[in-house]
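Notes for the structure review
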Amino acid sequence: VLTSSVAGLAGLGAPIAGSLGYTVAKHGVVGLMRSAANAYAQHNIRVNSVHPTGVATPMIMNEFTITRIKENPKGSALSANLLPVPYVESEDVTNAVLWLVSSKARHVTGVTLPVDAGHTVM
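Right, let's walk through the structure included here. (Residues numbered from 1 in each chain as written. Predicted model: local features only at pLDDT ≥ 70, side-chain atom pairs only at ≥ 80, totals over all residues. Heavy atoms only, no water.)

Regarding the overall build of the protein
To keep it simple, the criterion reads: Segments assigned H or I by DSSP are reported as helices when at least four residues long, segments assigned E as strands when at least two residues long, and all are numbered from the N terminus. Relative accessible area decides the class of each residue, using a 1.4 Å probe on protein chains only: under 20% of the type maximum gives buried, over 50% gives exposed, and in between gives partly exposed. Contact between two residues is taken to exist if any of their heavy atoms lie within 4.5 Å; hydrogens are not considered. Per-residue and other accessible areas were derived by the Shrake-Rupley procedure at a 1.4 Å probe size, with only the shown protein chains allowed to occlude residues.
When helices and strands are counted, the protein shows three helices and three strands. Of all 122 residues assigned to the protein, the portion counted as buried reaches 33%. Counting only contacts in the protein whose residues sit at least 6 apart along the sequence, the fraction spanning at least 24 positions is 68%. Looking at the protein as shown, the accessible area adds up to about 7,600 Å², and 62% of this sits on carbon and sulfur atoms.

Given below as structure tokens:
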């Protein structure tokens, strides 16, 4: 199971430091996952990716990011969650990964699984 981001499912790049490169890298994870799923399925190896919205980790919960969100709350990537939560917990992502590696998902391969509070709903 590879970990990407909602940025790997949608073009979320903004003209701020690192944002465009972050989005490119997360899309690359999807390409890697799909290529690996195709290459290894014949060996009964499953390959998937998870795509969380903002997660309550130091990447989001730090002074710099919190200040940027307060300065522009409607322009924040976190403001795009459909469910009324500003971010998800790391446990939410862990639970998705545990399901993907369990026998309950034994026939699931090559999927991008959002853990995103509805962020990527189109």
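Still to come is the rest of the account.
Here's the deal with the side chain of histidine 51
Filter applied, for reference: Each polar contact in these results corresponds to two N or O atoms within 3.5 Å; when the atoms are within protein, one needs to be able to donate a hydrogen and the other to accept it, and residues that are neighboring in sequence are counted only if both atoms are side-chain atoms.
Its place among the elements puts histidine 51 in strand 2 (residues 49–52). Taking the relative accessible area as the measure of exposure, histidine 51 reaches 0% and is therefore buried. A distance of 2.7 Å separates a polar atom in the side chain of histidine 51 from a polar atom in the side chain of serine 49. When residues no more than four places from it in sequence are discounted, the contact partners of histidine 51 are Ser4, Ser5, Val6, Gly8, Leu9, Val30, Thr112, Leu113, Pro114, Val115 and Asp116.

Some details on the sheet that holds strand 3 (residues 112–115)
Cut-off, in case you're wondering: At least two bridges found by DSSP between two strands is the condition for calling them paired. With axes taken as lines fitted to C-alpha atoms, and helix axes fitted only over the stretch in contact, angles between N-to-C directions fall between 0 and 180 degrees.
Strand order across the open sheet formed by three strands is 1-2-3, with parallel pairing between neighbours. The outermost strands of the open sheet, each flanked by one partner alone, are strand 1 (2–3) and strand 3. Each of strand 2 and strand 3 is contacted by helix 3 (residues 90–101), which is oriented at about 150° to strand 3, the strand it contacts most.

Describing unusual backbone geometry
In this structure, asparagine 44 is a non-glycine residue whose phi angle is positive, near 65°. Relative to the elements of secondary structure, asparagine 44 occurs in the loop between helix 1 (19–40) and strand 2. Located in the positive-phi region is alanine 117, a residue other than glycine, with phi close to 50°. Counting through the fold element by element, alanine 117 comes out in the segment after strand 3.

Focus: the pairing of strand 2
Along a regular strand, successive side chains alternate from one face of the sheet to the other. Residues Ser49 and His51 line one face of strand 2 and the alternating positions Val50 and Pro52 line the opposite face, and both faces are buried. Note: strand 2 against strand 3, four bridges, orientation parallel. Counted as the bridge partner of serine 49 is threonine 112 from strand 3.

Concerning the nonpolar core
Worth spelling out the cut-off: By nonpolar core we mean a set of buried residues, namely Ala, Val, Leu, Ile, Met, Phe, Trp, Tyr and Cys, connected to one another through side-chain atoms within 4.5 Å.
Of all hydrophobic cores here, the largest spans 10 residues; its members are Val50, Val55, Val88, Val93, Ala96, Leu100, Ala105, Val108, Val115 and Ala117. The greatest single-element share of this core, amounting to three residues, is contributed by helix 3. Look past the residues within four positions of valine 88 in its chain and what remains in contact with it is Thr53, Gly54, Val55, Ala56, Val93, Val115 and Ala117.

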